[in-house]
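Examination of the molecular architecture
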Amino acid sequence: MIRIRQLQKVFTDARGGRVIALENVNLHVKRGEVFGIIGPSGAGKSTLLRCINMLERPTQGSITIDGTEVTGLKGRDLRIIRRQMGMIFQHFNLLSSRTTYRNIAFPLEISGVSDYETKERVEQLLALVGLEDKAKAYPSELSGGQKQRVGIARALATNPKILLCDEATSALDPRTTRSILGLLKSINKEYGLTIVMVTHQVEAVKQACHSVAVIERGKVVEQGRTEELFSRPGTETTRGFLENIRVAEVSGGSFKKPGDTCEVQSRAKEVIKDVC
Amino acid sequence: MFVDALWQTVYMVGLSVVISSLWGIPLGLILVITDTGGIAENIALNRVLAFIVNTTRSIPFVILMFAIIPFTRFITGSAIGATAAIVPLSVAAIPFVARVVETSVREVDSGVIEAAQAMGASPLQIIVKVLVPEALPAIIAGITLTAVNLIGYSAMAGAIGGGGLGDLAIRYGYQRFDMRVLAIIVVILIVFVQGTQLIGDYIAKKVTH
Ligand SMILES: Nc1ncnc2c1ncn2[C@@H]1O[C@H](COP(=O)(O)OP(=O)(O)O)[C@@H](O)[C@H]1O
Ligand SMILES: [Mg+2]
């Protein structure tokens, strides 16, 4: 469904220096799967995701969606492709001047859907995300979890084929995170929606993703089926990642990196026991 | 006498607010969207407009008023009277409104703009459906500020026969030393400014969610 080949993204920072955010990234996201992209902060996860809907223009490489090359698209053609992809964000990015109803109606409004059809669709979506009673509420009157539900409903309004999620649960508490991930999983199952999920939370990947790519300093260091990759991590990065989470859990949130590789591996086994 | 002068002031300020908003709001929006990284980046246009706005803003109102008399005459056919005063008042207020709108629109969360782009919104849709509604409370507060400033400027315009409360204050209060008239005018102006502010605050509150 989504094929990314030899993708490179170079930013020019404020002082004119070159920041290589992505280097030779190759990925294949299959139709109907929940694909996780995990890695530490600054690894290039958001940049990679934003290249898929051209919020960020790649410096080099190719991205095809259902065989259509998107990297060269501009103007109207780009807007049409974008309407086939929904996106949700860490900070929800709802319009504060609009109610829940009108936020969900927004993508329909901009694609010229009639009021009658809009009403039907929005009511359907409100039911899907369980916010029928919040139709008239403004974002300022909603909790984080409710805002993300509005974000999901809005992203699904135009019946996209793909949903892009950028740290969609990172601003939420663990319980709300589980319920949002549950909602995404059920949407994936029921509608066969392809989901690409960027996160730095191992838990989120474990709970929701069929496949995962681990990315560090702009490079994909490892990818595969989630259970396989997390039970037999092939790289130090993945191990360290699983380990860090473990240590963070054990020591109550403070990160500590054991220097000894053996220790890392033995601890990783502990994690694996937990995971599997 | 006071009632007539008050209505003249209301007329001058009211029309100037409308005209300067009609020009200043689009100008402010253009300043934002044509800037580096904006949704319709055009650096050359941006710099030219910014230069015009800055230049007009840096000319003191009294000087601007005299400097554009030919232009005023060209537009209204006269250089004196309340209608003529609307020209310099509007010219002075347009760049002010533009800057206020620019600042307000820049405050709109870039994430929200990005979300609209990701949904396939066109630049015009982003302006009309995202930037303006999201910045509306701040824009209204800015236009209220413009109106209050214009009340002060309109009193100055009175000095060149613009009519209104300022004109009355100069003719009776200053030239004839009628302190009673002056005091009444000051009270009317205070009430007028407070009233304008109250209405502006009320509308801004209505559109804040
Ligand atoms: N607009 C930009 N200009 C310059 N550098 C950027 C820009 N966006 C991201 N970067 C840089 O690219 C790298 C990857 O960023 P990002 O994709 O946001 O990482 P992540 O989402 O994994 O935390 C970082 O080093 C970041 O500083
Ligand atoms: Mg990120």
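Right, let's walk through the structure included here.

Considerations on the overall build of chain A
Each helix and strand counted, chain A has ten helices and ten strands in total. Relative to its 276 residues, chain A shows a buried fraction of 53%. Put simply, 66% of the contacts in chain A that link residues at least 6 apart link residues at least 24 apart.

Quick notes on the overall build of chain B
The helix and strand inventory of chain B stands at nine helices and zero strands. For chain B, the sequential pattern of α-helices and β-strands runs α-α-α-α-α-α-α-α-α. Counting across all 209 residues of chain B, residues that qualify as buried make up 47%. For chain B, contacts bridging at least 24 residues in sequence account for 70% of all contacts bridging at least 6. Counting every atom, chain B has about 10300 Å² of accessible surface; 71% of that belongs to carbon and sulfur. Where the 11 positive side-chain charges of chain B centre and where its 11 negative ones centre are 9 Å apart.

Description of the interface of chain B and chain A
Contact with chain B, which involves 19 residues of that partner, is made by 22 residues of chain A. Here chain B packs against chain A, burying approximately 1800 Å² in sum over the two surfaces, 58% of which is carbon and sulfur. Of all residues in chain B, the largest losses of buried area upon contact with chain A belong to Met-119, Lys-129 and His-209 of chain B, amounting jointly to 36% of the total for that side. Inspection of the chain B/chain A interface yields two salt bridges. Counting across the interface, chain B meets chain A through nine residue pairs in polar contact (both at pLDDT 80 or more). Within the residue set of the side of chain B that touches chain A, elements represented by two or more residues are α6 (110–118) and α7 (123–157) of chain B.

A short note on the packing of α6 of chain B against α7 of chain B
Residue and element names in this part refer to chain B. The interhelical angle for the contact between α6 and α7, taken along N-to-C directions, is 145°, at an axis separation of 10 Å. For α6 against α7, the interelement crossing comes out right-handed. Only Ile-126, Val-130 and Leu-131 of α7 make contact with α6, whose side of the interface consists of Val-112, Ile-113, Ala-116 and Gln-117. Across the contact of α6 with α7, the residue classes tally to six nonpolar, one polar and no charged.

Brief notes about the environment of Leu-27 of chain B
Residue and element names in this part refer to chain B. Mapped onto the fold, Leu-27 is located in helix α1 (residues 2–33). Each C-alpha atom of the pair Leu-27 and Ile-94 lies 8.4 Å from the other, and the pair is 67 residues apart in sequence. Leave out the neighbours within four places in its chain, and Leu-27 touches Leu-49, Val-53, Ile-94 and Ala-98.

With respect to the pairing of strand β4 (residues 60–65) of chain A
Residues and elements named next belong to chain A. In the sheet, strand β1 (residues 2–12) pairs with β4 via five bridges, with the strands oriented antiparallel. Bridged to Arg-3 within β4 is Thr-64. When β4 meets strand β5 (residues 68–69), the two strands line up antiparallel, connected through two bridges. Residue pairing across strands places Ile-65 opposite Thr-68, the latter belonging to β5. Between β4 and β5, which pair antiparallel one after the other, the connecting turn spans two residues, and Asp-66 there sits at a positive phi close to 50°.

Calculation criteria
- Residues numbered from 1 in each chain as written.
- Chains lettered and ligands numbered in written order.
- Predicted model: local features only at pLDDT ≥ 70, side-chain atom pairs only at ≥ 80, totals over all residues.
- Heavy atoms only, no water.
- Helix = DSSP H or I, 4+ residues; strand = E, 2+ residues; numbered from the N terminus.
- Buried < 20%, exposed > 50% of the residue type's maximum accessible area, 1.4 Å probe, protein only.
- Contact = heavy atoms within 4.5 Å.
- Areas by Shrake-Rupley, 256 points an atom, 1.4 Å probe, with all protein chains shown as cover.
- Lys, Arg positive; Asp, Glu negative; His and termini not counted.
- Charge placed at Lys NZ, Arg CZ, Asp CG, Glu CD.
- Buried area = accessible area lost by both parts, 1.4 Å probe.
- Salt bridge = Lys/Arg side-chain N within 4 Å of Asp/Glu carboxyl O.
- Polar contact = N/O pair within 3.5 Å; in protein donor to acceptor, adjacent residues only side chain to side chain.
- Axes fitted to C-alpha atoms, helices over the stretch in contact; angles between N-to-C directions.
- Left-handed = near helix turned anticlockwise from the far one by under 90°.
- Nonpolar A, V, L, I, M, F, W, Y, C, P; charged D, E, K, R; others polar.
- Pairing = 2+ DSSP bridges.

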